[in-house]
Amino acid sequence: LAWKAQKPFKQHNPLLSVTLQSKENNQKMTFATCHMPVLFGSPEAVRAQAIHMNLVLLAHQQLAILSGSRSVLMGDFNLMPNSAQYALAADGYELAAKSHPDTL
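Residues numbered from 1 in each chain as written. Predicted model: local features only at pLDDT ≥ 70, side-chain atom pairs only at ≥ 80, totals over all residues. Heavy atoms only, no water.

Tell me about the overall build of the chain, and name the residues and values.
Each helix and strand counted, the chain has 3 helices and 3 strands in total. Overall, the chain shows an N-to-C arrangement of helices and strands of β-β-α-β-α-α. Here the chain has roughly 6,900 Å² of accessible surface; of this, 57% comes from carbon and sulfur atoms. (Helix = DSSP H or I, 4+ residues; strand = E, 2+ residues; numbered from the N terminus. Areas by Shrake-Rupley, 256 points an atom, 1.4 Å probe, with all protein chains shown as cover.)

Explain a nonpolar patch on the surface to me, using residue names and the numbers behind them.
Among the surface-exposed residues, Val38, Phe40 and Met80 lie close enough to one another that they form a single nonpolar patch of about 300 Å² accessible area. Within the secondary structure layout, Phe40 lies in the loop between strand 2 (28-35) and helix 1 (43-67). (Patch = residues over 30% accessible without salt bridge, like charges linked within 9 Å, V, L, I, M, F, W, Y side chains within 5 Å. Salt bridge = Lys/Arg side-chain N within 4 Å of Asp/Glu carboxyl O.)

A description of the packing of helix 1 against helix 2 (residues 84-91) should follow, citing residues and the corresponding values.
At a minimum axis distance of 8 Å, the contact between helix 1 and helix 2 shows a crossing angle of 15°. Taken as axis vectors, helix 1 and helix 2 run roughly parallel relative to one another. As helix 1 runs across helix 2, the sense of the crossing is right-handed. In this structure, helix 1 contributes Val46, Gln49, Ala50, Met53, Asn54 and Leu57 to the contact, and helix 2 contributes Gln85, Leu88 and Ala89. (Axes fitted to C-alpha atoms, helices over the stretch in contact; angles between N-to-C directions. Parallel < 35°, antiparallel > 145°, perpendicular 65-115°, else oblique. Left-handed = near helix turned anticlockwise from the far one by under 90°. Contact = heavy atoms within 4.5 Å.)

Report on the pairing of strand 1 (residues 15-21), specifying residues and quantitative values.
Pairing geometry for strand 1 and strand 2, over 7 bridges, is antiparallel. Note on strand 2: the bridge partner recorded for Leu20 is Met29. Connecting strand 1 to the next strand, strand 2, in antiparallel fashion are 6 residues, including Asn26 with a positive phi near 65°. (Pairing = 2+ DSSP bridges.)

So this is what it looks like as structure tokens:
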């Protein structure tokens with residue numbers, strides 16, 4: 001999955017994912033990583049990063065579900081602990097939208 005922002009946020013930030021399966025017990029595990037765009041300041045930049053975070057989370061969940069595996073998402077997310085993007089990753093969309101209605 002690659003996400004391409006419109007100007008002025010012209011960046012490519014792919015989600016790299018792999019599903020591994022144990023030879024011993026056939027258990028699967030999906031690992032994914034990405035580098036979030038560094039977007040701070042304007043409300044548009046914050047919303048763009050929130051959209052990117054939501055797309056990454058959805059894609060990662062779908063990959064894990066399709067492969068029937070547990071999953072780990074890691075990366076350089078460029079998020080502040082009090083941001084809407086962080087709340088998306090930590091709490092899910094519904095709770096994040098309640099605490100950050102102006103961004104989500």
